[in-house]
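So the chains spell out like this:
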Protein chains: 2
Amino acid sequence: MQTATLAVARNLAHTHAIALVHSVSRPQPVSSFLPECEIYAQGERSGALYQIEFGAVRIYRLLSDGRRQVVAFHFAGETFGFEADRTRSFFAEAMVHTGVRTIDRPANGQATPELMALALRGLIRAQEHLLVVGRQRAMERIAAFFLDMMDRQDDRGQIELPMTRLDIGDYLGMTIETVSRTFARFREEGIIRLPSTRIVEILKPERLRFLCQ
Amino acid sequence: MQTATLAVARNLAHTHAIALVHSVSRPQPVSSFLPECEIYAQGERSGALYQIEFGAVRIYRLLSDGRRQVVAFHFAGETFGFEADRTRSFFAEAMVHTGVRTIDRPANGQATPELMALALRGLIRAQEHLLVVGRQRAMERIAAFFLDMMDRQDDRGQIELPMTRLDIGDYLGMTIETVSRTFARFREEGIIRLPSTRIVEILKPERLRFLCQ
DNA sequence: CGGTCCTTTGAATTTCCTCAAACAAAGTGG
DNA sequence: CCACTTTGTTTGAGGAAATTCAAAGGACCG
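Calculation criteria
Residues numbered from 1 in each chain as written. Chains lettered and ligands numbered in written order. Predicted model: local features only at pLDDT ≥ 70, side-chain atom pairs only at ≥ 80, totals over all residues. Heavy atoms only, no water. Helix = DSSP H or I, 4+ residues; strand = E, 2+ residues; numbered from the N terminus. Buried < 20%, exposed > 50% of the residue type's maximum accessible area, 1.4 Å probe, protein only. Contact = heavy atoms within 4.5 Å. Near = heavy atom within 4 Å. Polar contact = N/O pair within 3.5 Å; in protein donor to acceptor, adjacent residues only side chain to side chain. Nonpolar A, V, L, I, M, F, W, Y, C, P; charged D, E, K, R; others polar. Phe/Tyr/Trp six-rings, centres within 6.5 Å; stacked < 30°, edge-to-face > 60°. Lys NZ or Arg CZ within 6 Å of the ring centre and 35° of its normal. Least-squares fit on C-alpha atoms with pLDDT ≥ 70 in both. Patch = residues over 30% accessible without salt bridge, like charges linked within 9 Å, V, L, I, M, F, W, Y side chains within 5 Å. Areas by Shrake-Rupley, 256 points an atom, 1.4 Å probe, with all protein chains shown as cover. Salt bridge = Lys/Arg side-chain N within 4 Å of Asp/Glu carboxyl O. Lys, Arg positive; Asp, Glu negative; His and termini not counted. Charge placed at Lys NZ, Arg CZ, Asp CG, Glu CD. Buried area = accessible area lost by both parts, 1.4 Å probe. Pairing = 2+ DSSP bridges. Expected span 1.5 Å × (residues − 1). Axes fitted to C-alpha atoms, helices over the stretch in contact; angles between N-to-C directions.

Participant: Please set out the overall build of chain A residue by residue, giving values where relevant.
Facilitator: Helix and strand counts for chain A stand at six helices and eleven strands. Within chain A, the fraction of its 213 residues that count as buried is 48%. Residue pairs at least 24 apart in sequence account for 68% of intrachain contacts in chain A once pairs closer than 6 positions are excluded.

Pasting the structure below:
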């Protein structure tokens, strides 16, 4: 059932993408992806970069036994699709309805300042992530996650989560149950409010910052 | 007591470094560092790159409560000291008697192919490390560690560990006790032999590879 | 309204950590 | 050269944190 749904969604997204190709003043048209649709896959040849116009994307890789490591979430305004290798090591999927603009790579030369900046941002992100996942406990990981989300989409102390608990767990190296229990604990301690499962209101950001060191 | 010892070692290394500055045909002289000596520190202004002539180096960062995340080990022939930021986010320390050659950064332009290559290698390393630390259990982490060491210093199935169990633990996100117990378990299962604490003989590499997926 | 998917909560279990002690190796000073 | 210290490693016992398994609740969709 799920695969069928996914296949349909993928097809729809494809037509949708084509339908949305219209001429604008900007260099590249916007492609649109429905929720859960793949933008590129592990094993494909690395190609274009993508800039998000609206929506949100997850970047992940799979282990052979099905375990998944989400390495990044990306939101409107951010660029993704930069990979160190010639073939893609990761999957990129839209988490919600998402529009992306393709950015052509500078044809021949590889070391443009833009690409370098992307590599550096990726490096910093990965090293930060490594610290969180490697040396912190559940509460600290979730706190770091909330603070990161706040930084990147601040709607006055309110964050919207386009991803599922499973995504968060696979991003932070823990199970959905632990994610859920940690959310509950923050709620019980009055640090957050959960108006709905996908919206988090940060009541005491200083407590989160304290937890992260 | 320990600080005193360290201070002496640091001073010795310093004089040693100066003593070893001799003219060779290569562009830069070799500086020498005694075991446990700092090569650069978190907070310093990012500067030169270093190429290891002999020895081994650990790269790490500290949390305010003393927890430590080792992000990389480097061996002879490898280059380290590349950082994404203008100030160093990490410490670099010699783990054994180590000789490094300073590499001057290309003066003005930032995006040389060499620097790009370093950034990419760092990115791949960090992403690989993230997967190990984020989604694997103790046995798998140690297995991945052994395989990585094998790849990088293959003396026919024998690896020499210049780092302590604490270093390994802080690299893999576990305690020294768990590291030690995992080593013991591999030994009991006939996968490795431990001629000494710092030498590991890999008897069944295929078992390690199986564990890593 | 019924079904699916996601989330939450509880109970049992596993894994890893903490604390403690013994052991081993290397260096120091008498 | 040998006691003695220091540092690093191993091993055991108990405990804490997170996972697994199970079930119930909630939101969304046709």
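Further notes follow.
Participant: Please give an account of the protein's contact with DNA strand D that cites residues and values.
Facilitator: Inspection of the region around DNA strand D gives 19 residues, with A138, T178 and R181 of chain A together with R165 and R181 of chain B positioned closest. Atoms of DNA strand D within 4 Å of the protein: sugar and phosphate make up 65%, bases the balance. Within the side chain of R181 of chain A, an N or O atom sits 2.9 Å from a base oxygen of DNA strand D. Only α5 (176-188) of chain A together with α5 (176-188) of chain B provide two or more residues apiece to the surface near DNA strand D. Across the surface near DNA strand D, the residue classes tally to three nonpolar, seven polar and nine charged.

Participant: How would you sum up the protein's contact with DNA strand C? Please name residues and give values.
Facilitator: Near DNA strand C there are 19 residues, and of these R165 and S180 of chain A together with A138, T178 and R181 of chain B occur at the shortest range. In DNA strand C, the atoms that sit within 4 Å of the protein are 66% sugar and phosphate, with bases accounting for the remainder. Taking R198 of chain A, its side chain carries an N or O atom lying 3.3 Å from a phosphate oxygen of DNA strand C. Interatomic distance of 2.5 Å between a side-chain N/O atom of T178 of chain B and a phosphate oxygen of DNA strand C. Those elements that provide at least two residues to the surface near DNA strand C are α5 of chain A together with α5 of chain B. For the surface near DNA strand C, the element with the highest residue contribution is α5 of chain A, accounting for five residues. Per-class residue counts for the surface near DNA strand C are three nonpolar, seven polar and nine charged.

Participant: Explain the packing of aromatic side chains to me, and be specific about the residues and the numbers.
Facilitator: For the structure shown, the criterion picks out 20 aromatic pairs over all chains. Taken together, the ring pairs connect F73, F145, F146, Y171, F183 and F186 of chain A into an aromatic cluster. A cation over an aromatic ring shows up here: R68 of chain B above the ring of Y60 of chain B, its NZ or CZ 5.2 Å from the ring centre. Here the guanidinium or amino end of R88 of chain B rests over the ring plane of Y40 of chain B, the centre of that ring lying 3.6 Å away.

Participant: Tell me about the relation of the copies chain A and chain B, and name the residues and values.
Facilitator: For the pair chain A and chain B, the relating rotation is 180 degrees, the translation along its axis is 0.0 Å, and the fit reaches an RMSD of 0.0 Å. Here the two chains are linked by the operation of a two-fold rotation axis.

Participant: Describe a negative patch on the surface, naming the residues involved and giving the relevant values.
Facilitator: A cluster of like negative charges, contributed by D151, D154, D155 and E160 of chain A, occupies part of the molecular surface. Here D151 of chain A lies in helix α3 (residues 138-152).

Participant: Could you give me a rundown of the interface of chain A and chain B, with the residues and numbers involved?
Facilitator: At the junction of the two partners, chain A supplies 39 residues and chain B supplies 38 residues. Across the interface of chain A and chain B, roughly 3,400 Å² is buried in total on both sides, 66% from carbon and sulfur atoms. Of all residues in chain A, M116, L130 and R135 of chain A bury the most surface against chain B, accounting for 23% of the area lost on that side. Run the count over chain A and chain B and you get six salt bridges. A salt bridge links R61 of chain A to E128 of chain B, with the shortest nitrogen-to-oxygen separation between them at 3.6 Å. Looking at the side of chain A that touches chain B, the elements that each hand over two or more residues are β5 (68-75), α2 (113-135) and α4 (165-172) of chain A. When residues of the side of chain A that touches chain B are assigned to their parent elements, the largest contribution, 17 residues, is made by α2 of chain A. Residue composition of the side of chain A that touches chain B, by class: 18 nonpolar, twelve polar and nine charged.

Participant: Provide a residue-level description of the pairing of strand β5 (residues 68-75) of chain B, including the pertinent values.
Facilitator: Residue and element names in this part refer to chain B. In terms of burial, β5 is a largely internal element, eight of the eight residues being buried. Pairing of strand β4 (residues 56-62) with β5 involves seven bridges; the strand directions are antiparallel. If you follow I59 over to β5, its bridge partner there is A72. Remark: five residues form the turn of the hairpin made by β4 and β5, two consecutive strands paired antiparallel; G66 in that turn has positive phi of roughly 100 degrees.

Participant: Explain the environment of E38 of chain A residue by residue, including any values.
Facilitator: Along the polypeptide, E38 of chain A turns up in strand β2 (residues 38-40). Taking the C-alpha atoms as reference points, E38 of chain A and V57 of chain A, separated by 19 residues in sequence, lie 9.5 Å from one another.

Participant: Go over the pattern of salt bridges with me, naming the residues and quoting the values.
Facilitator: Across all of its chains, the model carries 32 salt bridges over all chains by this definition. The residue D167 of chain B makes a salt bridge to R58 of chain B at a minimum N-O spacing of 2.7 Å. Taken together, the positions of D167 of chain B in helix α4 (residues 165-172) and R58 of chain B in strand β4 put the pair 109 residues apart, joining distant regions of the chain. Like R58 of chain B, D167 of chain B is buried. Here the residues in one salt-bridge network are E36, R58, R68, E93, D167 and D170 of chain A together with R135 of chain B, joined through shared partners.

Participant: Residues and numbers for helix α3 (residues 138-152) of chain B, please.
Facilitator: For α3 of chain B, spanning 15 residues, the distance from its first C-alpha to its last is 21 Å, which sits close to the expected 21 Å at 1.5 Å a residue. Every buried residue of α3 of chain B is listed here: M139, E140, R141, I142, A143, A144, F145, F146, L147, M149 and M150 of chain B.

Participant: Any details on the sheet that holds strand β9 (residues 158-160) of chain B? Residues and values, ideally.
Facilitator: All names here are of chain B. Strand order across the open sheet formed by three strands is β9-β11-β10, with antiparallel pairing between neighbours. In this open sheet, the two strands that pair with only one neighbour each are β9 and β10 (192-196). Taking each pair of neighbouring strands and ignoring which way they run, the sheet shows an average axis angle of 25 degrees. Sheet topology places β9 next to strand β11 (residues 199-202); three bridges connect them, and they run antiparallel. Note that in β11 the partner of Q158 across the bridge is E201. Contacts from α5 reach β10 and β11 within the one sheet, and its direction differs from that of β10 by about 115 degrees.

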